[in-house]
Amino acid sequence: METKEYSENKDITVLWTPSRCKHAGVCVKTLPKVYHPKDKPWITPTEASVEELKNQIEKCPTGALGYRLNH
C-alpha cells in the first residue's frame, strides 16, 4: 500500500494511504484549514497544532490517515 507523507509541520508528519480512504469527510469537517481535497497538496499540517492533528487523525474511520512525530 502506498502511503503519502505531508511534513511541512516540523513536529509531525501526516501520513495518508489513498487506497484505504473512503472519503467520509471527517478530516475536512474537523479541520477545514488543514484538509483541502481539491488542492495539491491537499493536506497542510502547518494549519493546526500537533494535538489538533493527532486528535483528528485518530478519528479517521478507515485508518487512511496516520501520523509520525518528528522528534
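Residues numbered from 1 in each chain as written. Predicted model: local features only at pLDDT ≥ 70, side-chain atom pairs only at ≥ 80, totals over all residues. Heavy atoms only, no water.

Going by the annotation in an unreviewed UniProt entry, the name recorded for the protein chain is (4Fe-4S)-binding protein, with Elizabethkingia bruuniana given as the source organism.

Feature annotation in UniProt assigns "domain: Divergent 4Fe-4S mono-cluster" (unreviewed entry) to the following positions: residues 8-68. In this annotation, residues 8-68 is assigned 21% helix and 15% strand; the end-to-end C-alpha distance for the span is 12 Å. (UniProt positions renumbered as here; feature names shortened; annotations may be inferred. Helix = DSSP H or I, 4+ residues; strand = E, 2+ residues; numbered from the N terminus.)

Before going further, it helps to examine the pattern of salt bridges. Evaluated as defined, the whole model comprises 3 salt bridges. Between Glu5 and Arg68 there is a salt bridge, and its shortest N-O distance comes to 3.1 Å. Placement of Glu5 in strand E1 (residues 4-6) and of Arg68 in strand E3 (residues 65-69) is noted, with a sequence separation of 63 residues between them. By relative accessible area, Glu5 is classed as partly exposed at 48%. (Salt bridge = Lys/Arg side-chain N within 4 Å of Asp/Glu carboxyl O. Buried < 20%, exposed > 50% of the residue type's maximum accessible area, 1.4 Å probe, protein only.)

Summarising the element assignment, Thr13 is placed in strand E2 (residues 12-16). At 3.0 Å, the side chain of Thr13 and the side chain of Asn70 are in polar contact. With near-sequence residues (within four places) excluded, Thr13 lies in contact with Glu5, Tyr6, Ser7, Gly66, Tyr67, Arg68 and Asn70. (Polar contact = N/O pair within 3.5 Å; in protein donor to acceptor, adjacent residues only side chain to side chain. Contact = heavy atoms within 4.5 Å.)

This part takes up unusual backbone geometry. Here the residue pair Lys40 and Pro41 is connected by a cis peptide bond, since its omega of -5° sits within 30 degrees of zero. Of note in the backbone geometry, His23 takes a positive phi value of approximately 55° without being a glycine. Position of His23 among the secondary structure elements: in the loop between E2 and helix H1 (26-30). His23 gets classed as exposed once you look at its relative accessible area, which sits at 67%.

What follows covers the packing of aromatic side chains. Describing an aromatic ring pair means giving the distance of the ring centres and the angle of the ring planes. Counting across every chain of the model gives 2 aromatic pairs. When the ring of Trp16 is compared with that of Trp42, the centres are 5.0 Å apart and the planes differ by 70°; the resulting orientation is edge-to-face. In this pair, Trp16 sits in strand E2 while Trp42 sits in the loop between H1 and helix H2 (50-57), placing the two residues 26 residues apart along the sequence. Judged on exposure class, the residue Trp16 and its partner Trp42 are both buried. Judged by centre distance (5.5 Å) and plane angle (45°), the ring pair of Tyr35 and Trp42 falls under tilted. In this structure, Tyr35 and Trp42 share a single accessibility class: buried. Three or more aromatic residues joined by ring pairs make a cluster, and in this case those are Trp16, Tyr35 and Trp42. (Phe/Tyr/Trp six-rings, centres within 6.5 Å; stacked < 30°, edge-to-face > 60°.)

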